[in-house]
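# Descriptive structure summary
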There are 2 protein chains.
Amino acid sequence: MPAEHWTPPPVLLAVDLVIFTLRESVLHVLLVERGIAPFQGMPALPGGFLATGTEDIITAAHRELREEANLDATQLHLEQLGTYGTPGRDPRGRVVSVAYLAIAPRLPEPLAGTDAAQAAWTPVTDILSGRTRLAFDHEKILGDGLERARAKLEHTALATAFCAPTFTINDLQKVYEAVWGVELDPRNFYRKVQAVDDFIIPSGAERRAGRGRPARLFRSGTRTTLFPPLVRPIPTTAEAQG
Amino acid sequence: MPAEHWTPPPVLLAVDLVIFTLRESVLHVLLVERGIAPFQGMPALPGGFLATGTEDIITAAHRELREEANLDATQLHLEQLGTYGTPGRDPRGRVVSVAYLAIAPRLPEPLAGTDAAQAAWTPVTDILSGRTRLAFDHEKILGDGLERARAKLEHTALATAFCAPTFTINDLQKVYEAVWGVELDPRNFYRKVQAVDDFIIPSGAERRAGRGRPARLFRSGTRTTLFPPLVRPIPTTAEAQG
DNA sequence: TCAAAAGTGTTGTAACTACACCCATGA
DNA sequence: TCATGGGTGTAGTTACAACACTTTTGA
């Protein structure tokens, strides 16, 4: 181990954001097109370096979210996903990146930041299938974020955050199906979610959508952790959704 | 956002280690007594700065584990726990620490490193009860590590790593009870662990321990994720074990 | 023969899957 | 009246807690 007056090597600290939303019942992730080298022109997760030496890491995450997704992030569910610091992951030098996971209902169209030539919602399947490749190790980060989001749906009331203020049980089911990448039995789902105490509460109103019986509308309850949990089906073979 | 030739502020990157082991069926964590300021003389989690600008983070964690616990870490279960970077958490400057969780069977007595005046296994309850206070934000890190370890016992075959190469089902039960801080029904535990396919396999031998019927000895199977999981009892009130 | 620890059987319940079935609506 | 989606009933299954019970040993 180093002695007395040795000083440790400094690193550059960045944050990367995995921001999921649902559009037309399809899971999308926010990507930016890199405006500068390295990986110029390639899609990447939004993110950036700490702005000052005293900025908190999660504050930096919120700031990037605001800058790149045009979203006031203070009210948003944001959680640390992991830290990625393999030497050589960024050709500019030793960059260690703390990844955060953000999940939200239908978000506004993103706003391009200075480092982001262009920002867009991209279906997650595009990346999983290899059709879209990401800069740096961002495919790995996205994969970890997706797995975390899937697990969170099982044990938390997160799914309601994807929905409008009032929603039908079928709306909620579409959230689970989109994130998990599976099909669920609507009759069993109907009862399972209602069996969780204070997960969703009836608003009294109904929604008529063309033909078919009107669906009851619900709003989120106060419960945050689901008991019993909504266990996802065992991922048999390919887990790529759809 | 900063423009053109701005360079991001550097930070110092450290690793901290939450190393659990079991001694006499009591969960212990490895602590070092800080030999230098800040928090000189106070117990802390082992850890330290990156040695070089190109050292991988997990490599640094393994190195510190070897230096401070006198343990060849290459074979050890080690997983990233989280990153702690609140400004001001270290009075020396902007230090961001990546915490790792290590879990192992009965480990050798630790070896004091250069920065560690003294290293010792400490019962986790001593910290949870507030009897022992830790430097920096290490109590928070330890708490997160404990929660992670508890959750891992439910879904992975980690518990067998706490045991000797061959062990009885009661040995295994003591691991769960020590980490979870609860008492379990030995008859139900007996069958639950055996119901998991390839979790533990009989070695054929038995162990006689004073009075009572001899217990069959088992060794670890190849299974890493448990299905069905061994769900821990709902944490009712105080979660401090014992 | 008794205490102690290992191991087995059984009962009741919670949660679940699969699927048959009924209800309410718009075209 | 029929297709469509909302909602209910129910049978069979799995996992489990609780606890009575038998087995095998050392003292």
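Rules used in this analysis
- As a convention, each chain's residues are numbered from 1 in the sequence order in which they are written.
- Here chains are named by letter from A upward and ligands by number from 1 upward, in the order in which they appear as written.
- Note on the predicted model: pLDDT of at least 70 is required for a residue's local features to be given, and 80 or more for side-chain atom pairs to be given and counted; whole-chain, interface and lining totals, by contrast, use all residues.
- Water and hydrogen atoms play no part in the side-chain values, which are based on all heavy atoms of the structure.
- In what follows, a contact means two residues having at least one pair of non-hydrogen atoms within 4.5 Å.
- Should a side-chain nitrogen of Lys or Arg be within 4 Å of a carboxyl oxygen of Asp or Glu, the pair is scored as a salt bridge.
- In protein, a polar contact means a hydrogen-donor-capable atom and an acceptor-capable atom, both N or O and within 3.5 Å, with residues adjacent in sequence counting only if both atoms are side-chain atoms; elsewhere, any N or O pair within 3.5 Å suffices.
- Per the convention used, a helix needs a DSSP run of H or I reaching at least four residues, while a strand needs a run of E reaching at least two, with both numbered from the N terminus.
- Under the convention adopted here, Pro, Cys and the residues Ala, Val, Leu, Ile, Met, Phe, Trp and Tyr are nonpolar, Asp, Glu, Lys and Arg are charged, and Gly plus all remaining residues are polar.
- Neighbouring residues are identified by heavy atoms, a residue being near a molecule or strand if any of them is within 4 Å of it.
- Copies overlap after least-squares fitting; the atoms used are the C-alpha atoms of residues with pLDDT of at least 70 in both.
- Each aromatic pair joins two rings of Phe, Tyr and Trp (for Trp, the six-membered one) with centres within 6.5 Å, and gets the label stacked for planes under 30 degrees apart, edge-to-face for over 60, and tilted for any other angle.
- Burial classes: relative accessible area under 20% of the type maximum marks a residue as buried, over 50% as exposed, and values in between as partly exposed (1.4 Å probe, protein chains only).
- Per residue, pLDDT measures the predictor's confidence, with a range of 0 to 100.
- Between N-to-C directions, angles span 0 to 180 degrees; the directions come from axes that are lines fitted to C-alpha atoms, helices contributing only their stretch in contact.
- Roughly parallel covers angles under 35 degrees, roughly antiparallel covers those over 145, roughly perpendicular covers 65 to 115, and oblique covers all other angles.
- The pairing criterion for strands is at least two bridges between them, as found by DSSP.
- Multiplying 1.5 Å by the helix residue count minus one yields the expected span of that helix.

What follows concerns the interface of chain A and chain B. Taken together, the contacts link 31 residues of chain A with 31 residues of chain B. Linking chain A with chain B are zero salt bridges. Taken together, the connections running from chain A to chain B amount to eight residue pairs in polar contact (both at pLDDT 80 or more). Those elements that provide at least two residues to the side of chain A that touches chain B are strand S1 (10–23), strand S4 (47–49), helix H1 (57–69), strand S5 (77–84) and strand S6 (95–103) of chain A. When residues of the side of chain A that touches chain B are assigned to their parent elements, the largest contribution, four residues, is made by S1 of chain A. Class assignment of the residues belonging to the side of chain A that touches chain B gives a composition of 15 nonpolar, 10 polar and six charged.

The environment of DNA strand D is made up of 23 residues, and the closest members are Arg 191, Gly 212 and Arg 213 of chain A together with Asn 188 and Gly 210 of chain B. In DNA strand D, atoms within 4 Å of the protein come from the sugar-phosphate backbone in 57% of cases. Within the backbone of Pro 214 of chain A, a nitrogen or oxygen atom sits 3.3 Å from a sugar or linking oxygen of DNA strand D. When residues of the surface near DNA strand D are traced back to their parent elements, those giving at least two are helix H6 (186–195) and strand S9 (215–220) of chain A together with helix H5 (186–195) of chain B. Of the residues forming the surface near DNA strand D, the biggest block, four residues, is contributed by H5 of chain B. Of the residues belonging to the surface near DNA strand D, the class tally is six nonpolar, five polar and 12 charged.

Here we come to the protein's contact with DNA strand C. Taken together, 24 residues form the shell around DNA strand C, and within it Arg 187, Asn 188 and Gly 210 of chain A together with Tyr 190 and Arg 191 of chain B come nearest. Sugar and phosphate atoms constitute 57% of the interface atoms of DNA strand C, taking the interface as everything within 4 Å of the protein. For DNA strand C, a base oxygen lies 3.4 Å from a polar atom in the side chain of Arg 213 of chain A. Contacts to DNA strand C include Pro 214 of chain B, whose backbone N or O atom sits 3.3 Å from a sugar or linking oxygen. Contributing elements (two or more residues each) for the surface near DNA strand C: H6 of chain A together with H5 and strand S9 (215–220) of chain B. Classifying every residue of the surface near DNA strand C gives seven nonpolar, five polar and 12 charged.

Another aspect to go through is the relation of the copies chain A and chain B. Superposition of chain A onto chain B requires a rotation of 180° combined with a translation of 0.1 Å along the rotation axis, giving an RMSD of 0.1 Å. Here the transformation between the copies is reduced to the relation of a two-fold axis. A high fraction, 100%, of the interface residues of chain A reappear at the interface in chain B, so the copies pair face to face through one surface.

This paragraph deals with the packing of aromatic side chains. Residue and element names in this part refer to chain A. Within the structure shown, the criterion is met by six aromatic pairs over all chains. Taken together, a centroid distance of 5.5 Å and an interplanar angle of 65° make the contact between Tyr 176 and Phe 189 edge-to-face. Of the two residues, Tyr 176 sits in helix H5 (residues 169–180) while Phe 189 sits in helix H6, which places them 13 residues apart along the sequence. Here Tyr 176 matches Phe 189 in class, with each residue buried. Counting every residue linked through ring pairs, the aromatic cluster contains Tyr 176, Trp 180 and Phe 189.

This paragraph deals with the confidence of the model for chain A. Caution is warranted with low-pLDDT regions, since their predicted coordinates should not be read in detail. Residue-level pLDDT values for chain A average 89, and 89% of them are 70 or greater. Counting contacts from residues 237–242 of chain A, a segment whose pLDDT is below 50, to residues more than four positions away or on other chains yields 10 contacts.

All names here are of chain A. Applying the stated criterion across every chain, the model contains 32 salt bridges over all chains. Note that Arg 89 is salt-bridged to Asp 16, the shortest N-O span being 3.7 Å. Taken together, the residues span a long stretch of sequence, with Arg 89 in the loop between S5 and S6 and Asp 16 in strand S1 at a distance of 73 residues. Here Arg 89 falls in the buried class, since its relative accessible area comes to 10%. One network of salt bridges, in which partners are shared, links Glu 55, Arg 63, Glu 64 and Glu 67.

Attention now goes to the packing of helix H4 (residues 169–180) of chain B against H5 of chain B. All names here are of chain B. Close contact between H4 and H5 brings their axes to 10 Å; oriented N to C, the two are set at 100°. Between H4 and H5, the interaxial angle falls into the category roughly perpendicular. Judged by residue contacts, Ile 169, Leu 172, Gln 173 and Tyr 176 of H4 engage Pro 186, Phe 189, Tyr 190, Val 193 and Gln 194 from H5. Looking at the contact of H4 with H5 residue by residue, the class counts come to seven nonpolar, two polar and no charged.

So, about the side chain of Thr 132 of chain B. Inspection of the secondary structure puts Thr 132 of chain B in the loop between helix H2 (124–128) and helix H3 (138–155). If near-sequence neighbours (up to four positions away) are discounted, Thr 132 of chain B is found in contact with Leu 31, Pro 43, Asp 126, Ile 127 and Glu 139 of chain B.

Buried residues dominate S1 of chain A, accounting for 12 of its 14 residues. The pairing of S1 of chain A with strand S1 (residues 10–23) of chain B spans three bridges and is antiparallel. Looking across to S1 of chain B, one finds that Val 11 of chain A is bridged to Val 11 of chain B. Bridge count between S1 of chain A and S4 of chain A: three bridges; the pairing is antiparallel. Each residue of the ladder has a partner; that of Val 15 of chain A, found in S4 of chain A, is Gly 48 of chain A.

Let's shift gears to H3 of chain B. For H3 of chain B, spanning 18 residues, the distance from its first C-alpha to its last is 26 Å, which sits close to the expected 26 Å at 1.5 Å a residue. Burial in H3 of chain B covers these residues: His 138, Ile 141, Leu 142, Gly 145, Leu 146, Ala 149, Arg 150, Lys 152, Leu 153 and Glu 154 of chain B.

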